[in-house]
Amino acid sequence: MKLLFYQSAIYKKSFRSSITAITDVRSSTSVLWRSHSSSSSSFSDDYQFIQRSKLPMLHFQPSLPRLPIPKLEDSCKRYLDAQKPLLDDNRYEKTEAIVKRFQNHEGKELQEKLIARDKRNKHTSYISEPWFDMYLKSRDPVVINYNPYLGIVDDPKPEYNNQLIRASNTLISSLRFLRSLRENVLEPEIYHLNPLKSDNETFRNVMRMIPSIVSWYGAYLYKAFPLDMSQYQGLFNATRIPKRGRDELLRDQSTKHMVVIRNGHFYAFDVLDKNGNIREPSYIHGCLKRILSENKQKPEYPVAVLTSENRDVWADLRDQLVEAGNSEILNLIDTGIFVLNLDDESTKNDPFLLSKIMLHGDGSNRWFDKSLQLIVTKDAKVGINFEHSWGDGVAVLRYINNMLTDSTKKHFVHPNSTPSVIDEDEVRHLEFKLNEKLKEGIKTALQKFNTLTSKIKFSVFQHQKFGKNFFKAHMLSPDAVVQLSFQECFSVNEQLRNM
């Protein structure tokens, strides 16, 4: 799978931590585990689901091993090993002395407290609470600082690289992924150490017969390692809500609507029917065509830029938005399946411009609090920008890979497709009510946003001689090589500064 991967942060999760629940495994199971049955639809399962796995998605979840707390001396050693390439001999000796003092004194007490906390919270991982606090207590703007982005390759068929067609197909494939996820028929996420032995029907049939409470250990015998999928519930119908001191995560899986932002204006329409089935392709095609046909000027005071503010400032301004009569609109945005951003700007095949658009844009056409934003530019370039606190990149990458393959191989909207005629009341234009205080807050936020984003510089270098397959052939982790390259660059830069 070819995937252009740009991001503002590098994931450094170990394999061991990736198989362990970062949120409450048991509670997430109760949210996602549903019957395979669904109401009848005018479309078959071939349309409603991106996958219908024989092996339930959460089959291995109850038996996932918990993340063990490493020994204090091992943690100290790993820290020193990581510091060695970055420091000269003198600085390393000082660091080593500090680490040894820590290991022999306050480190012991902290280790005991950590072990005691872990024993009190056997339903989840010991890193869960610190993970959420790290993000939700931070008062820095989420844009640039936390929200990563990923750019996705073009459709291999040029005639489908039209903004309306690409947006329609990626939206439909995203909904197909959502249906499979909600009905527990998405393929379980499994790391196959020996794919020839385990990534086959025999393995799946055997695993189905093993009770969930011990199924992970059955897979282990095949050298297959099921991964934690509890974070997948955070992909859709979720938003980070700004609160003073610590933000909150809101999730509502009962809603059926999409939120679309175009030129700073917000729209909402239902993409699922009353039974939870995906609406017809022609209907989705028609709704997006109606939005793209709007000729509204960009608002003078774009509310969306407030999501780029300091979190405490944004929390106060959001309260003011509610007081001004905007609670219904905010609720529609917060509970929408995800946000589809239809940009009027083209990338002109410039990787620098593509990066700026996907990472931050102009601030008026993004809702940075949303768990997932699907961006489609004027020239049909597609990317993802996601809020980071609900989880890491594993669930997002799985969604992108499945969505990209599906949307480019199973086109439900074609260049000659006829969109449905959509009545005005079927696509709601969401208009905010703003007072002078809110307008001033938006004006200030926009100034801050422009100052922050103007400092971001991009550089793209494409190395053609070798890639990940070269490293794997030499038993090296591509991620480890990238991490080491960053450390080496830092070290060289420090040496140059001290010359």
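Preceding this section is the structure that the text describes.
From a predicted model like this one, the values you see are computed outputs, not experimental measurements.

> Please explain a nonpolar patch on the surface as it appears in this structure.
A cluster of nonpolar residues, Ile 213, Val 214 and Tyr 217, forms a patch on the protein surface that exposes about 300 Å² of accessible area. Residue Tyr 217 is classed as partly exposed on the basis of its relative accessible area of 44%.

> I tried to follow the packing of aromatic side chains on my own but got confused; where do I start?
Two descriptors summarise a pair of aromatic rings, namely the distance from one centre to the other and the angle between the planes of the rings. For the structure shown, the criterion picks out 20 aromatic pairs. Cluster of aromatic residues (ring-pair linked, three or more members): Phe 177, Phe 236, Phe 338 and Tyr 399. Lying over the aromatic face of Phe 49, Arg 52 brings its terminal NZ or CZ to 4.5 Å of the ring centre. The side chain of Arg 279 reaches across the aromatic face of Tyr 283, ending 3.8 Å from its centre.

> What's the story with the environment of Asp 312 in this structure? I'm lost.
Take Asp 312: it is sitting in helix α13 (residues 311-335). Remark: the alpha-carbon pair of Asp 312 and Asp 379, spanning 67 residues in sequence, is separated by 36 Å. A polar contact of 3.0 Å, which involves the side chain of Asp 312, links it to the backbone nitrogen of Gly 245.

> Quick question: what am I supposed to make of the packing of helix α5 (residues 89-104) against helix α6 (residues 106-120) here?
Two numbers describe a pair of packed helices, the interaxial angle and the distance between the axes. Their axes nearest at 3 Å, the elements α5 and α6 cross at an angle of 50°. It follows that α5 is oblique to α6 by the angle criterion. Judged by residue contacts, Arg 101, Phe 102, Gln 103 and Asn 104 of α5 engage Glu 106, Gly 107, Lys 108 and Leu 110 from α6. Along the lines of polarity and charge, the residues of the contact of α5 with α6 split into two nonpolar, three polar and three charged.

Thresholds applied
- Residues numbered from 1 in each chain as written.
- Predicted model: local features only at pLDDT ≥ 70, side-chain atom pairs only at ≥ 80, totals over all residues.
- Heavy atoms only, no water.
- Patch = residues over 30% accessible without salt bridge, like charges linked within 9 Å, V, L, I, M, F, W, Y side chains within 5 Å.
- Areas by Shrake-Rupley, 256 points an atom, 1.4 Å probe, with all protein chains shown as cover.
- Salt bridge = Lys/Arg side-chain N within 4 Å of Asp/Glu carboxyl O.
- Buried < 20%, exposed > 50% of the residue type's maximum accessible area, 1.4 Å probe, protein only.
- Phe/Tyr/Trp six-rings, centres within 6.5 Å; stacked < 30°, edge-to-face > 60°.
- Lys NZ or Arg CZ within 6 Å of the ring centre and 35° of its normal.
- Helix = DSSP H or I, 4+ residues; strand = E, 2+ residues; numbered from the N terminus.
- Polar contact = N/O pair within 3.5 Å; in protein donor to acceptor, adjacent residues only side chain to side chain.
- Axes fitted to C-alpha atoms, helices over the stretch in contact; angles between N-to-C directions.
- Parallel < 35°, antiparallel > 145°, perpendicular 65-115°, else oblique.
- Contact = heavy atoms within 4.5 Å.
- Nonpolar A, V, L, I, M, F, W, Y, C, P; charged D, E, K, R; others polar.

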